[in-house]
Structure formats: C-alpha cells, structure tokens
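Now for the letters of each chain:
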Amino acid sequence: MRIIRSLSRQRALGDLWRRRGMSVGFVPTMGCLHAGHMSLVRFSLASTVRTVVSIFVNPMQFGPREDLARYPRALARDKRMLAKAGVHALFVPPAGSMYPRGFATSVKTAGGLTERLCGRFRPRHFEGVATVVAKLLNIVRPDVLFLGKKDAQQARILEQVTRDLNFPCAVRICPTVREPDGLAMSSRNVYLSPAQRKAASYLFQALQVGRLAISRGERDARAVRGRMRDVLAGRRGLRIQYLEIVGADTLEPIAKLRGRILLALAAKLGGTRLIDNLPVEVPGK
Ligand code: AMP
C-alpha cells in the first residue's frame, strides 16, 4: 500500500491508474477505523480495480466547541488494517496543504438539506464536509465514491453536491455496520463510559421500535415518534437532540408516513454526540 501525503503525488497516481484503464474507488474517512469503514473499503475493493482511502480529520467541519483536538487518532493501526485489507493507496494530506493560507472557498448546499436534522445543532458542519469532499474528489478523481448510510444526511448532501457540481463519479451508499447489540459503529464510541455504552444501545432499539410500529400499520409520524421516545425516556445520561421522521430524499419532516422515509435521531451521552438512522420503505399508497 502506498502512503501518500502530497496532493500532487496523489493526483499523479490517480492519473496513471486511469491512463491504464483502471477504475478507482475512494473511501474518505477521518481515521480511527472500525468495521464500518472497513465494509466501505471492501465494497470498493470488490467493485473497482484500485482503492484509495483518505484519512483527514477535517478542521473545517468541526464547530468551535466540538471535539477536533481530542478526536481519536490511530494512524499506525489504521495503516495496518488498510494494508492487510489490500487497499492500494492511503492518502493522508497535511491540514496545511488542504487549507493553505489564503484559502477562501466553500461548498454549501442550499436550504433544507443542510439546515435540518444535524444541521440545526452543527451550524457549518455540512459546509465543511462538502468543501473537503469536493477538494478530495478533485485530487483523487475517483470513479466511485463510497459513503456510509450511518451518516445519512451527509451522504444525501454529498450525492447532491456531486450531481450539482458535475463531479464525474458515481456515489455508492453502503449499509450501516453495527455492534452485536445494534449500536452503530462510530469512532466516537471510544469516548463512552460503560454506563453510557449501555444507554447508547437503546438508540437502535428506539429505531427498531419505530420500524415495528410502521410495519404493524401505524402511519402517523407523531405516534411513531412517541413510541420511539418511550424507549429512550429515563435512560440515565442520555439526552435526545432530535428524533425525526423525514422523507429519504428531501429530509423534510413528514406527518403521514408513506414511501421511502428515514427514522433519524441524535443524542448526547455526557459530552459525546451520537447519531443513527434507519431507512424504511412504507408500503401502500
Ligand atoms: P468518518 O471517519 O466518521 O468520517 O466516516 C467515514 C465514512 O465511513 C463515512 O462515509 C461514514 O458514513 C462511514 N461510516 C462511519 N461509520 C459507519 C458504520 N457504522 N457503518 C457504515 N459506514 C460507516
């Protein structure tokens, strides 16, 4: 596996591969890799000839009071995992090369997509994500961008950005990988105390209870949300930030459930913020 820090060397490598007719898959990450990241890597390895993974803890997507400084880092371990999996290149750009002095551009998706759900609690987060991913796509120039459904809003926004800005890559959104008790894998799970870790497992239970209510015929979003809230009520140390049912494409809240929807939630456990979601296809008209 090549380890590349220079933006121009990464671009040259991608160009070389493309000239040789090889398709390139790309998995952008912030490192501290877990089985969720590795499933994206495997999807890429299985469907493209060359796979590039990036590790970059992007300062632009963290708010001033968020966990940028203490975000978990495990580069040596990450390198071993990626090399063992058969990844062809690991791109680890220095922050100074990504955001040199005078950097002044950002990519912002208009309206609802960025302002809803997590956007309400992390004001410029998705602007930071969209900007860094646009930059990474221009450097790596992949044929396929692999993203996780775990971050459903991020995936939806990046789908929009690649389409609106004519990036010549397909976007593939891969399923959420979970711990045995259902907790969605996240680099931030390492922050949780044993008691918080236990409480965190109820997030997925709440989503499942919502899905079950829908499968039993409930079509009123308020009623479903009420059932989900009941699962989380009284869990010590767990504070819900939002618990919403939205259209899968628009991310707009819906009252009467139909079509492709997303049950989405965010909660704080102490200082740790976790998100999760469950896509549901509501049968009938
Ligand atoms: P991150 O390192 O948290 O920025 O995540 C990098 C990529 O991995 C994003 O596309 C995430 O959506 C994806 N990802 C993170 N956690 C999971 C998970 N549990 N299952 C599947 N994909 C994930």
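Refer to the structure above for everything that follows.
Notes on the structure follow. Only a predicted model underlies this, so the values are computations on that prediction, with no experimental measurement involved. (Residues numbered from 1 in each chain as written. Predicted model: local features only at pLDDT ≥ 70, side-chain atom pairs only at ≥ 80, totals over all residues. Heavy atoms only, no water.)

Some remarks on the overall build of the chain
Each helix and strand counted, the chain has nine helices and nine strands in total. Taking 2.2 N^0.38 as the reference for a compact globule, 285 residues should give roughly 19 Å; the C-alpha atoms of the chain span a radius of gyration of 19 Å, in line with that estimate. Projected onto its principal axes, the C-alpha positions of the chain cover 55 × 45 × 40 Å. Looking at the chain alone, contacts between residues at least 24 apart form 74% of all its contacts between residues at least 6 apart. Carbon together with sulfur atoms contributes 51% to the accessible area of the chain, which is approximately 13,600 Å² in total. Averaging the locations of the 49 positively and 20 negatively charged side chains of the chain gives two centres separated by 6 Å. (Helix = DSSP H or I, 4+ residues; strand = E, 2+ residues; numbered from the N terminus. Rg over C-alpha atoms; globule rule 2.2 N^0.38 Å. Contact = heavy atoms within 4.5 Å. Areas by Shrake-Rupley, 256 points an atom, 1.4 Å probe, with all protein chains shown as cover. Lys, Arg positive; Asp, Glu negative; His and termini not counted. Charge placed at Lys NZ, Arg CZ, Asp CG, Glu CD.)

Description of the site of the ligand
Residues in contact with the ligand amount to 16 residues; listed here are only the nearest, Met 30, His 37, Asp 151, Val 177 and Met 185. Within the contact set of the ligand, a nitrogen atom lies 2.9 Å away from a backbone nitrogen or oxygen of Met 185. Computed on the free molecule, the ligand has an accessible area of 490 Å², of which 92% lies beneath the protein chains in the complex. Residue assignment for the shell around the ligand shows that the elements contributing at least two residues are β2 (24-29), α2 (35-47) and β5 (144-148). A per-element tally of the shell around the ligand places α2 first, with three residues. Considered class by class, the residues forming the shell around the ligand number seven nonpolar, seven polar and two charged. (Near = heavy atom within 4 Å. Polar contact = N/O pair within 3.5 Å; in protein donor to acceptor, adjacent residues only side chain to side chain. Nonpolar A, V, L, I, M, F, W, Y, C, P; charged D, E, K, R; others polar.)

Focus on the environment of Ala 46
Along the polypeptide, Ala 46 turns up in helix α2. For Ala 46, a relative accessible area of 70% puts it in the exposed group. For Ala 46 and Gly 25, which are 21 residues apart along the polypeptide, the C-alpha to C-alpha distance reads 9.6 Å. (Buried < 20%, exposed > 50% of the residue type's maximum accessible area, 1.4 Å probe, protein only.)

Focus: α2
Between its first and last C-alpha, α2 extends 18 Å over 13 residues, near the 18 Å set by a 1.5 Å rise per residue. Along α2, the residues that are buried comprise Gly 36, His 37, Met 38, Ser 39, Leu 40, Val 41 and Ser 44. The inward-facing, buried residues of α2 contact β2, β3 (50-55), α3 (75-85), β5 and β6 (170-174). (Expected span 1.5 Å × (residues − 1).)

Here we look at the sheet that holds β5
With parallel pairing, six strands are arranged side by side in an open sheet as β1-β4-β3-β2-β5-β6. Both outer strands of the open sheet, β1 (2-4) and β6, are each paired with one neighbouring strand and no more. Between one strand axis and the next, the sheet turns by 25 degrees as a mean value, whatever way the strands run. Of the strand pairs in this sheet, β2 and β3 are connected by six bridges, and their pairing is parallel. Looking at the pairing, Thr 29 lines up with Ile 55 of β3. Where helix α1 (residues 7-19) meets the sheet, it contacts β1, β2, β3 and β4 (89-91), and its direction lies at approximately 150 degrees from that of β4. (Pairing = 2+ DSSP bridges. Axes fitted to C-alpha atoms, helices over the stretch in contact; angles between N-to-C directions.)

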